[in-house]
Amino acid sequence: MIERQRLISIAFQRRGIVWLVFLFVALYGWHCWTQLPIEAYPDISDTSAQVITQVPGLAAEEVEQQITIPLEREINGMPGMYVMRSNSTFGLSLITIVFQDGTENYWARQRLQERINGVELPYDAKPELDPMTSPVGEIFRYTLESPGRDLRELSELQAWNVIPRIKQVPGVVDVSNFGGLTTQFVLELDPANLTKYHVSLSQITQAVCANNANAGGSILDRGQQGFVIRGVGLITGIEDLGNIVVAQKDGTPVFLKNLGTVKLGSPQRKGVLGKDENPDTIQGITLMLKGENPSRVLDGVHEAVRDLNENILPKDVRVVPYLDRTDLVAKTVDTVENTLFEGFLIVGLLLLLLLGSVRAALIVVITIPLSLLIAFICIHHFNI
């Protein structure tokens, strides 16, 4: 009791020092507040991972017997595993593993990767882990829009320009594509031409594979210069594919285009995306790395979108956001700020009425924001 009274007496005698201490605490608390990740709601999800295996054309029963069960047997008994669930559908095996509380994400995924690497699966199936995100990791959605370009052109821009640029943003773990087309070279063979030129399907397959590769050579010296020799044979378009020589008849080469029609196509689509009055468009879903600061990641995503719209994409193509976590975070922070301000105002008025002194009321009211700033310091240093 005596020590407490002595401390209070010293504080009154050294008011300047006390004000400096509290000013420093307030400034440092404000700095810690600017460093904290601001989110609309906390990520309380468990440490988990998914093993995804795609086997196109395989029925659900075969996927369960030949893909899912061998993987489950290998994963069973993994350190830190709490529960395992699986789902087998047409052409897809999905195994979800939930780990015990406190398990570190990267450690768990490394152990899981070691297990699935040791499984030999039929049909050249290759199991993969899902991106390390969380249920609240979806922070940004956009559509790719143009008044004059078709869906195939937009899909090419999405795959080769938009997605790689956004994935360069620190904290973005993946950008999932939804909608659009996957371009393929399609050869529609005419059976009559196959019979006419005595060509089989195996000959066509061998010819295409043999004529779709680059070959590296040596270096040809010419005086003080050296020229790198290489053979360029990769197929770059429909014309290259059509000009592949499959066979010869009476000394005349038989080209692939003589056997049928070569054109651009796409695999069978499993779904489409519609937006407003556009019944068939394309979108991207940006996923954030688990544990990252969403505010900083979104700043990087916004900068990437500006770069795409101004410098990378054609002038008639735009990346148009339609779901942005920034809006939700801003409204949440605004609600909290308004609530705190109203609380300060009500408490100040009540203290002024009860104490009858403006100075006494201000001293008590100041403790409210100061206590919040001290809390921010603790949150920052304990990585909450």
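These notes cover the structure that comes with them. (Residues numbered from 1 in each chain as written. Predicted model: local features only at pLDDT ≥ 70, side-chain atom pairs only at ≥ 80, totals over all residues. Heavy atoms only, no water.)

**Concerning the overall build of the protein**
Which entries qualify depends on this criterion: Every helix listed is a DSSP run of H or I at least four residues long, and every strand listed is a run of E at least two residues long, numbered separately from the N terminus. For the radius of gyration, the atom set is restricted to C-alpha positions; the globular benchmark scales as 2.2 Å times the number of residues to the power 0.38. The rule is simple: take the accessible area with a 1.4 Å probe, protein chains only, and divide by the maximum for that residue type; under 20% is buried, over 50% is exposed, in between is partly exposed.
Helix and strand counts for the protein come out as eleven helices and 15 strands. For a compact globule of 384 residues, the expected C-alpha radius of gyration is about 21 Å, and the protein comes in at 32 Å, more than 25% above that figure. For the protein, the spread of C-alpha atoms along the three principal axes comes to 115 × 60 × 55 Å. Counting over 384 residues, the protein shows a buried share of 31%.

**Points about the sheet that holds strand E3 (residues 92-99)**
Selection criterion: DSSP-based pairing: two strands are paired if at least 2 bridges between them are found. Residues are treated as being in contact if the distance between any of their heavy atoms lies within 4.5 Å. Only the stretch in contact is used when a helix axis is fitted, and all axes are lines through C-alpha atoms; the angle between N-to-C directions ranges over 0 to 180 degrees.
Overall, antiparallel pairing links the four strands, which are arranged E2-E3-E1-E4 in an open sheet. Of all the strands in the sheet, the pair left with one neighbour each is strand E2 (81-89) and strand E4 (128-129). In terms of strand pairing, strand E1 (residues 48-54) meets E4 through two bridges, oriented antiparallel. In the strand pairing of E4, Ile-52 is matched with Glu-128. Docked against the sheet, helix H3 (residues 60-75) engages E1, E2 and E3, running at close to 165 degrees with respect to E2.

**Digging into helix H9 (residues 294-312)**
This is how the line gets drawn: Each residue after the first adds 1.5 Å to the expected span of a helix. Polar contacts, as used here, are pairs of N or O atoms within 3.5 Å; protein pairs need one atom able to donate a hydrogen and one able to accept it. Residues neighboring in sequence count only if both atoms are side-chain atoms.
For H9, which comprises 19 residues, the first-to-last C-alpha distance of 25 Å matches the rise-based estimate of 27 Å (1.5 Å per residue) to within 8%. Each element contacted by the buried residues of H9 is listed here: strand E5 (138-145), helix H5 (151-167), strand E6 (172-179), strand E14 (278-288), strand E15 (318-324) and helix H10 (325-355). Near the N-terminus of H9, the side chain that reaches the backbone nitrogen of Ser-295, with its oxygen 3.1 Å away, is that of Asn-293.

**Some details on the environment of Pro-135**
One can find Pro-135 in the loop between E4 and E5. Look at Pro-135 and you get exposed, because its relative accessible area is 71%. Along the primary structure Pro-135 and Val-208 are separated by 73 residues, whereas in three dimensions their C-alpha atoms are 44 Å apart.

**Let's talk about the nonpolar core**
Burial of nonpolar side chains together is a common tendency in soluble globular proteins. Let me state the cut-off plainly: We define a nonpolar core as any set of buried Ala, Val, Leu, Ile, Met, Phe, Trp, Tyr and Cys residues linked to one another through side-chain atoms lying within 4.5 Å.
By size, the foremost hydrophobic cluster in this structure holds 24 residues, and its most contacted members are Tyr-142, Leu-144, Val-162, Leu-313 and Val-319. Secondary-structure elements contributing two or more residues to this core are E5, H5, E6, E14 and H9. Setting aside its immediate chain neighbours within four residues, Val-319 contacts Tyr-142, Thr-143, Leu-144, Val-162, Val-305, Leu-308, Asn-309 and Leu-313. With 20 residues, the next largest nonpolar core counts Leu-71, Met-78, Met-81 and Val-119 among its residues.

**Considering the packing of aromatic side chains**
The geometry of an aromatic ring pair comes down to the distance between the two centres and the angle between the two planes. To keep things clear, this is the line we draw: Geometry of aromatic contacts follows a simple scheme: Phe, Tyr and Trp rings, the Trp one being its six-membered ring, pair when their centres are within 6.5 Å, and the pair is stacked under 30 degrees between planes, edge-to-face over 60, tilted otherwise. Any Lys NZ or Arg CZ found within 6 Å of a ring centre and within 35 degrees of that ring's normal is scored as a charge over the ring.
This structure, assessed with the given rule, holds three aromatic pairs. Ring centres of Phe-140 and Tyr-142 lie 6.3 Å apart, and the angle between their planes is 35 degrees; this geometry places the pair in the tilted category. Tyr-142 carries the same exposure label as Phe-140, and that label is buried. The ring of Phe-255 carries Lys-257 above its face, with NZ or CZ at 5.6 Å from the centroid.

**Some remarks on the pattern of salt bridges**
What counts, and what does not: A pairing counts as a salt bridge when a side-chain nitrogen of Lys or Arg comes within 4 Å of a carboxyl oxygen of Asp or Glu.
The full count for this structure, using the stated rule, is eleven salt bridges. Arg-109 is paired through a salt bridge with Asp-130; the nearest N and O atoms lie 3.5 Å apart. Residue Arg-109 is located in helix H4 (residues 105-117), and its partner Asp-130 is located in the loop between E4 and E5; the two are separated by 21 residues in the primary sequence. Each member of the pair, Arg-109 as well as Asp-130, is classed as buried. Between Glu-145 and Lys-275 there is a salt bridge whose closest N-O contact spans 3.0 Å. With Glu-145 in strand E5 and Lys-275 in strand E13 (residues 273-275), this pair connects stretches of sequence that are 130 residues apart. Looking at Lys-275, the relative accessible area reads 19%, which means it is buried.

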